[in-house]
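Tertiary structure, described
Chain by chain, the residues:
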Amino acid sequence: FILLHSCFRFYLLVHQQLDISARYDTDCNKSGYIDQSEFLQLLSRINIYLKQEKAIQIYKKFIKEQHNNNQRKSKLSLRNFNKQHGITLEECVYLLRKIRKILHATSENGKDKKRNNTDHRRNEISDAIFDRLFGPEKEVVSAREFLHGFLHWKQNDGGATLEDVRNLFQKLNGMELSQLGEDNDDEEEGGRVDGGKGGDDNDGGKENKEETIDRLHFAEYLFGPHNDAFRPEKVMFDRTLMDKPLSHYWINTSHNTYLTGDQLKSLSSVEMYAAALQRGCKCLEIDCWDSDSKTNTPMVYHGYTVTSKIPFHEIISCVKAYVDANPETLPIILSLENHCTHPFQKTMAQTLETTLGDALYIPKPGMLFLPSPVELVGKVLIKGKRPADKEDDETITVESVDQTLPDGKENSSEPVLPKICPELARLTMFNGVKYRNFEQSNEMSYPAGGRVDSSNYNPIAAWSLGCQMVALNFQTDDSAMVLNDGRFRENGGCGYVLRPRSTFPMNEDRNSCKGRVMLRIRVLAAACLPKPNGDIAGEVIDPFVVVRVHDMIDSVKVDGSGSSPKTNVIKDLAGMSITGAKNSVVKDITDKSNVIKRSISHQVEILETTERKTDTVKDNGFCPQWDDSEVFSFTVGCPDVAMLQIVVMDDDGGGLLDDTVCKAAIPVSCLRQGYRSVRLNDQYGSQHGPFGFARLLLDVSIEPCP
């Protein structure tokens, strides 16, 4: 099903892969054919709704047409129509293409749309775009026309060359697209895809694969990975950007990494560390406590709660296994929340040294500046407490001690953390000290203690304020993690993204952001949307799209009373705690406002989330299309930090009844203009299973504000 679900996102994968899919999934009775009942089941699974009578009529008519075609062309002559038990996989894919055109030619109330009598394909968005760009009379486009009339003009890709286009065309034309019966489409199909030249596919009139593509391959390009809305140069890992001090980067960071659920009673698991590392996390949190063991084995769990416990050494072994399997990984930071007494701390130090071996980075005394990520490839760094240096007359807490008890009351007598033993202090690179300068300091933010449900705050504010390590609960499927996955898709998903200059503390004026821009989005179509949670069974979805822009709006001055102008912002984000550098930010853990103060500039920065929604497309998750005349406009005040978030929902009546289908987020600074395809992910930020080919087609425009 997964491959068949994908292949009709306009292309067919190689026959061997498709045969496997049909044999083990779609072809339930293993007959080698897809019979009528299997075909009806397939339509539901890939989110196509047709009345059963209509679907059966289409299926039987197609079989009859294929039989006539086979007899006339002497193809598949070994098949006996009278004994046929169904259709082949290739025929099924072609039939799905015909059904897609029927869906696009029919309005929601069941009446036919007004169409061009000479070509009924124009209801499909890819054909409408092709007509708009190259003319309705054309069936193929040359490489030169594609370069100048599309890439340079519409896509704003001025760096593209004719050689780039020829290479692209060769790849697109090399795809094994289902052309079955294209030269004899019925009257509803409106003619040949190859422009009506006639003759066999192998005749001398066939165009060079590098010089032209037809409408079908153009549609594949629009929805395919070559046309991703995320700038390809931003997705690629750039080693040349990795030579700055660690403080110059946003670092993918997890909060209470060991937890599988809430902060009070959920299980703790080593597997959560493996999952976080595979997701690109480079800063893992470990809460260490004494145990009842006579061997001084430290245990990891959330203190003063009933969360389960796991041994410290199992986590370190997991990290070592990841480093061994990924020797070129950028540095992994272990953030130790240390509650252990000295005997257990010594065990921790011994475990770190013996298990990690050469992978453990031991800082040199008197180090003035933080090393760069490229200097620490394959290394594990320790972050935690250690005795202050002589010049550190003030210690600033880098980590949070959760002060929320299981009954929700504040702990008025917080235990004093034990001093750090020399053996562990020697291994610790990051520690809470008096702020000296930007080159020597890292800041960290983390969810406030009141978030016992493991919910997350919006990370945009912390990133904007210069926090390098913005810790989030990776086990929670929420908007914050979507933004985090989108942010750290940049730079090859390595977990380190070079921060823009506007986030450096010396840039007190927020106007140092790249100038304000007007972002305009048109939601055009989607392909291969799965059911919520990737379920196989269930109703055909009714998709609609939510488009959000998260931004830090222009700074406003605070008056003497500390008040600021009122702003209409979404207030569904609870607070966060930010610590690390003296006077950099103040703590805000209220749910009443998303206002974050930068005390060194006496300004207020407001996190603003603007949201727009499309209409609902009924009973079609396979190839839904939306009103292409509807434009969503967003004024973006800080485009080097702001992010675009896309959420596809299943309309079940509105509000809490609606289910999330898939989602994505892209930094505004990484967006490409023009007709662009957005890769949609599951709740874990991946494209596994039925999410593997889910795509959304947008028209994106970015212009400077006057």
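Here, the structure is the one placed above.
What comes next is a walk through the structure. Everything numeric here is computed off the predicted structure, so don't read it as measured data. (Residues numbered from 1 in each chain as written. Predicted model: local features only at pLDDT ≥ 70, side-chain atom pairs only at ≥ 80, totals over all residues. Heavy atoms only, no water.)

So, about the overall build of the chain. The helix and strand tally for the chain stands at 16 helices and 23 strands. Each of the 706 residues in the chain was classed as buried or not, and the buried ones make up 56%. Here the contacts in the chain between residues at least 6 apart in sequence split such that 74% fall between residues at least 24 apart. As displayed, the chain has an accessible area near 30800 Å², and 51% of this comes from carbon and sulfur atoms. (Helix = DSSP H or I, 4+ residues; strand = E, 2+ residues; numbered from the N terminus. Buried < 20%, exposed > 50% of the residue type's maximum accessible area, 1.4 Å probe, protein only. Contact = heavy atoms within 4.5 Å. Areas by Shrake-Rupley, 256 points an atom, 1.4 Å probe, with all protein chains shown as cover.)

Before going further, it helps to spend a moment on the pattern of salt bridges. Here the structure, examined in full by the defined rule, presents 22 salt bridges. Across the salt bridge formed by arginine 132 and aspartate 628, the nearest N and O atoms sit 3.6 Å from each other. One end of the pair, arginine 132, is in helix H6 (residues 125-134); the other, aspartate 628, is in the loop between strand S18 (603-613) and strand S19 (632-636), and 496 residues separate them in sequence. By relative accessible area, arginine 132 is classed as partly exposed at 47%. Classification of aspartate 628 as partly exposed rests on a relative accessible area of 25%. Where lysine 154 meets aspartate 699, a salt bridge forms, and the shortest distance between an N and an O atom there is 3.1 Å. Of this pair, lysine 154 sits in the loop between helix H7 (143-152) and helix H8 (162-173) while aspartate 699 sits in strand S23 (residues 695-704), placing them 545 residues apart in sequence. Among the residues examined, aspartate 699 registers a relative accessible area of 8% and is labelled buried. (Salt bridge = Lys/Arg side-chain N within 4 Å of Asp/Glu carboxyl O.)

This part takes up unusual backbone geometry. A positive phi angle, close to 55°, is found at asparagine 156, a residue other than glycine. With respect to the helices, strands and loops of the structure, asparagine 156 is situated in the loop between H7 and H8. Positive phi values are uncommon outside glycine, yet asparagine 533 reaches one of about 65°. Relative to the helices and strands, asparagine 533 resides in the loop between strand S13 (517-527) and strand S14 (543-552).

Moving on, we get to the sheet that holds strand S22 (residues 674-679). The antiparallel open sheet is built from 4 strands, whose spatial order is S19-S13-S23-S22. This sheet does not close on itself; its edge strands, each paired only once, are S19 and S22. Averaged over all pairs of adjacent strands, the angle between their axes in this sheet comes to 35°, without regard to strand direction. Direction of pairing for S22 relative to S23: antiparallel, over a ladder of 6 bridges. Note that in S23 the partner of serine 677 across the bridge is leucine 697. (Pairing = 2+ DSSP bridges. Axes fitted to C-alpha atoms, helices over the stretch in contact; angles between N-to-C directions.)

Checked against the element boundaries, threonine 307 lands in the loop between strand S5 (299-300) and strand S6 (310-311). At 3.1 Å, the side chain of threonine 307 and the backbone nitrogen of histidine 302 are in polar contact. Among the polar contacts made by the side chain of threonine 307, one reaches the side chain of threonine 305 at a distance of 3.1 Å. (Polar contact = N/O pair within 3.5 Å; in protein donor to acceptor, adjacent residues only side chain to side chain.)

To continue, consider the pairing of S13. Counting buried positions over the 11 residues of S13 gives 10, a clear majority of the element. Pairing of S13 with S23, which is carried by 10 bridges, proceeds in the antiparallel orientation. Counted as the bridge partner of valine 517 is proline 704 from S23.

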